Structure formats: structure tokens, C-alpha cells
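Survey of secondary and tertiary structure
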Amino acid sequence: MSAAAKPRLAVWKFASCDGCQLSLLDCEDELLAVADGVEIALFPEASSRMLPGPYDVSLVEGSITTAHDRERIRDVRAQSRLLVTIGACATAGGIQALRNLRDVEEWKRIVYARPDWIDSLATSTPIAAHVKVDYELRGCPVNKHQLLELLAALLAGRRPNVATSSVCEECKARGTACVLVAHGTPCLGPVTQAGCGAICPAYHRGCYGCFGPKETPNPAALSEQLLALGMDEAALGRFYRTFNAAAPAFGDEAQRHDPQP
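Residues numbered from 1 in each chain as written. Predicted model: local features only at pLDDT ≥ 70, side-chain atom pairs only at ≥ 80, totals over all residues. Heavy atoms only, no water.

Some details on the packing of aromatic side chains
A complete count under the given rule lists two aromatic pairs for this structure. Relative to Tyr55, the ring of Trp12 lies with its centre 5.8 Å away and its plane at 80°, an arrangement referred to as edge-to-face. Of this pair, Trp12 sits in strand β1 (residues 8-13) while Tyr55 is found in strand β3 (residues 55-61), placing the two residues 43 residues apart along the sequence. The pair formed by Trp12 and Tyr55 is uniform in burial state, with each residue classed as buried. (Phe/Tyr/Trp six-rings, centres within 6.5 Å; stacked < 30°, edge-to-face > 60°. Helix = DSSP H or I, 4+ residues; strand = E, 2+ residues; numbered from the N terminus. Buried < 20%, exposed > 50% of the residue type's maximum accessible area, 1.4 Å probe, protein only.)

As C-alpha cells, then:
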């Protein structure tokens, strides 16, 4: 990249719902500033303009669920100076990682009229299971403000400032009473990374763990509280098996309580 050239940005999709890419498009006015600071070389969700690599920054949404995508992510990595995974699918395998718990061939026979046409791996895995990842943004979908902070930091050559605390701290910051303590509502907030703004507790619902496990979570301690509230073992397993079912801290805790879902 020459001194006068803008950094080149690429946005890639693997197995996902496109929600994290839409979070970038939802930045609206801020996106114009981003577009002014970079050259958007490849972003099929937003433009038919697709320039070849190499790229300075690649944002990758989605998990690896086919042999073809397993090869494609290696090609993306080879073309990218920095690779950033965005969203629960890319960072933990996503909801589709629930397939990892069962026989995928059996599911193909049940769901599809022509299962022989379906070519997929037995598992849904995060991008980091296949290539080196430089940064990751959690969430289902990602928080657009965190996404903008990350892009601004990379453009400025500094380390992104992304929260690693729990959702509980966000509840306190917005003055929301703890739904777990005050109402006995099951909530994953104590073990979930901040980033969503504690939206669900603000509307008197427990956190569903969209942003995945925080640093050094203690799900075993939370599980004891949830069992004391009356949640049974199977329900507890299902509680952890949602957006980040394959994230080790959540997946292992779910398996401990409900080994055969």
C-alpha cells in the first residue's frame, strides 16, 4: 500500500444470517466517514464492486460449515493483513453449532427431500478453528458502535477499546435493577461479555448470552443460583445452548447438566 493509498477493506460472508453485515450498514452517517477513510474493495452485501486482494482489513461474518468454506477462509486469510471475525457465528460457531451435538447425517435425512444434494461438515466451527484471527467482535449481531471503534482504531494504528466486562456492569451503568436478584428471572448476564448495552434486562428479561462468555466467567456458580430458582437440569442445558452454544465455557457447562440433549 502506497503512502497516499487508503487502507483496503473487505467484508466476507460464511454460514450466517447477514445480521452483522447489516450492523455495519446500519451505521448510516458514520459509515460515510468510514467509507471516506478506507477503500471498500469488497462488500457484496452493499455493492457489486468487487476488487481483488490483497486487503488491509477483512471483516468475516459466519461459521465454517462446508469443506468449500474451509478452503475459502484460508484464501481470505492469505489475502488479508488483518482478519477480524464479527458476530457469534464467526467467533463461536453460532446457533448452527447446535448441529455439533447430534448426527448431522440423520438431520439431513429428516429435513431434506434430497439429502444427497447437501454437502456439509458434521460441525459448525468458528473461524479461529481454521486460521489465525487478529481481533474478534462478539454479539448476535455485533454492536455497531464497537464495530466503528474497531475500524477507527485499526485505521489509526492503535489497539481497539472493546469491553471485556460482564453485562451486569452495563445494567448498573444504565440503572437497571438486577432481574435475577429482584425478580428471580434466569439471566446469563453475570457470565456474558458486555457489548449489547444490557437491552434484555432493561425490558425485564434475562440476558440470553448473545455476546458469549466474558473473560474468566464462572458459569458453575451461576448454575447453582439458577437451579436454586427452580430451573431443572435440562432447562439449564438449553439456557446455555443458544447463540454461543459451542463457546467452551457455555458448551461445557451445558454438557455438565444435560449431556444428552
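There's more to say after this.
Some remarks on the state of the cysteines
Under the criterion given, the structure shown has zero disulfides. Cys140 provides the cysteine sulfur closest to Cys17, a residue in no disulfide bond, and the two sulfurs are 5.9 Å apart. No disulfide involves Cys187; its nearest neighbouring cysteine sulfur is the one of Cys207, lying 5.2 Å away. (Disulfide = S-S within 2.5 Å.)

Quick word on the packing of helix α10 (residues 219-228) against helix α11 (residues 233-240)
Close contact between α10 and α11 brings their axes to 11 Å; oriented N to C, the two are set at 135°. Overall, the two elements α10 and α11 adopt an arrangement that is oblique. Regarding α10 and α11, the two cross each other, and that crossing is right-handed. Listed contacts from α11 to Pro219, Leu222, Ser223, Leu226 and Leu227 of α10 are Glu233, Leu236, Phe239 and Tyr240. Of the residues assigned to the contact of α10 with α11, the class counts are seven nonpolar, one polar and one charged. (Axes fitted to C-alpha atoms, helices over the stretch in contact; angles between N-to-C directions. Parallel < 35°, antiparallel > 145°, perpendicular 65-115°, else oblique. Left-handed = near helix turned anticlockwise from the far one by under 90°. Contact = heavy atoms within 4.5 Å. Nonpolar A, V, L, I, M, F, W, Y, C, P; charged D, E, K, R; others polar.)

Brief notes about the sheet that holds β1
One open sheet holds the five strands; their spatial order is β2-β1-β3-β4-β5, and the pairing between them is parallel. Two strands in the sheet have a free side with no partner beyond their single neighbour: β2 (39-42) and β5 (135-137). The mean angle between the axes of side-by-side strands here comes to 25°, regardless of whether they run parallel or antiparallel. The pairing of β1 with β2 spans three bridges and is classified as parallel. Bridged to Ala10 within β2 is Leu42. (Pairing = 2+ DSSP bridges.)

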